[in-house]
Every structure is written in structure tokens, then in C-alpha cells.
Amino acid sequence: MVKTRAITEKDAESVAGLSTQLGYGSNIEQILFRIRQIDNNNGNCAYVAIFENKVVGWIHGFYTLRIESDAFVEIGGLVVDAAYRNLKIGKQLIDCVKLWAKQHQVKKLKVRCNTKRTESHQFYERVGFKENKRQVAFEMDLQEYPQLIS
């Protein structure tokens, strides 16, 4: 039986290992720092899935404000160990974030997914998400602009 609970600092090593399955190369110290930040921010939630005393999945959600739309919660990351997929663990983790969103009186849950991850697209559709748009994401490395950082 899979159980879910709020993420804790002791989960950092397992979360780092799971994150590499999606190509995110964070080390334990980086993950621990981020878990602490999330724990200290009321606009974020994170949960882990435990099976036989092993962390087999994690999810991160965050409260989002936009001028052009009502507030919503977005899933920032969701990983289930490849050996434990198709056991409804991802759905259980999403249910945790859904409950958290309802506690924050939010009516929409959103998730973004890399266009290459077609299996993930199918998973999200199976659990009730509907595609509403495709977009291109841009980023800027602020370290390249030292004059902006004081």
C-alpha cells in the first residue's frame, strides 16, 4: 500500500535520485535547500509517496497569482520512480495537491509538460487534465547581467 505525506528534509536524497530520472541533475544539498525553502513558504506544498518504507515519488505544487486570471495552483514537478509507474501513485500525489489547492480556495490546477514527454501528456489526460494551449518557454540567465544584481 502506498502512503503519501508532506515532504521533509530527510527525503532529500531520495528526491534527488528520483529527479535524475527526468534529467534534472540536482545534488542532495541543492534539493535539501529547496525543500527548506518550500517548507518555509506558505505558497508551496510538496509531498512524497512511500511504498515499503521507500520514497517512490514526489510532487511540488505552488500558488500562482496573475493579473490576467484568477489564482491557480500549478504543479511544478511530479516524478514517480520508473519501477513503480502505472500503480496510481501519480494520481495519489496529484490528489494531495488538489486538496491543498482547495484549502487555498483555488478552483484550477494546472501543469506544464515538456512537449517531448508524450507519456506524461497521456497520464495527465487520464487523470482529468485537458490541454488548453501550447507555448514556447523562454528563460534569461540573470548572472549574465551583473549590473542588475546589487
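Remember, predicted model here, so these are calculated numbers, not experimental data. (Residues numbered from 1 in each chain as written. Predicted model: local features only at pLDDT ≥ 70, side-chain atom pairs only at ≥ 80, totals over all residues. Heavy atoms only, no water.)

### What about the UniProt feature "domain: N-acetyltransferase" (unreviewed entry) in the protein?
We apply this condition: UniProt positions are given in the numbering used here, feature names are shortened, and annotations may be inferred rather than shown by experiment. Starting at the N terminus, helices and strands are each numbered in turn, a helix being any DSSP run of H or I of at least four residues and a strand any DSSP run of E of at least two.
Sequence positions flagged by UniProt for "domain: N-acetyltransferase" (unreviewed entry) are, in local numbering, residues 2–145. In this annotation, residues 2–145 is assigned 31% helix and 24% strand; the end-to-end C-alpha distance for the span is 46 Å.

### Quick word on the nonpolar core
Selection criterion: Nonpolar core, defined: a set of buried Ala, Val, Leu, Ile, Met, Phe, Trp, Tyr and Cys residues in which side-chain atoms within 4.5 Å join the residues together. Categorising residues by exposure relies on relative accessible area from a 1.4 Å probe, with only protein chains included: less than 20% of the type maximum marks a residue as buried, more than 50% marks it as exposed, and the intermediate range marks it as partly exposed. The criterion used for residue contact is that any of the two residues' heavy atoms lie within 4.5 Å.
In terms of nonpolar packing, the biggest core is built from 23 residues, with Tyr47, Ile59, Leu78, Ile89, Leu93 and Ile94 touching the most fellow members. Going through the elements one at a time, β2 (44–51), β3 (54–64), β4 (72–80), α3 (89–103) and α4 (118–126) are the ones with two or more residues in this core. Sorting elements by how many residues they give to this core places α3 first, with 7 residues. If near-sequence neighbours (up to four positions away) are discounted, Ile89 is found in contact with Val2, Ala49, Val56, Val80 and Tyr84. Among the nonpolar cores identified, the runner-up in size contains 14 residues, and Ala12, Val15, Ile31 and Val55 belong to it.

### Examining the pairing of β3
The cut-off we apply is this: Note on pairing: DSSP must find at least two bridges between two strands before they are called paired.
Of all 11 residues making up β3, 8 are buried, and the element is well covered by its neighbours. As defined by bridge partners, β2 adjoins β3 across 8 bridges and the pair is classed as antiparallel. Pairing of Ala46 across the sheet is with His60, part of β3. Between the end of β2 and the start of β3, which pair antiparallel, lie 2 residues, with Glu52 showing a positive phi angle near 50 degrees. As defined by bridge partners, β3 adjoins β4 across 8 bridges and the pair is classed as antiparallel. For His60, the partnering residue across the bridge sits in β4 and is Gly77.

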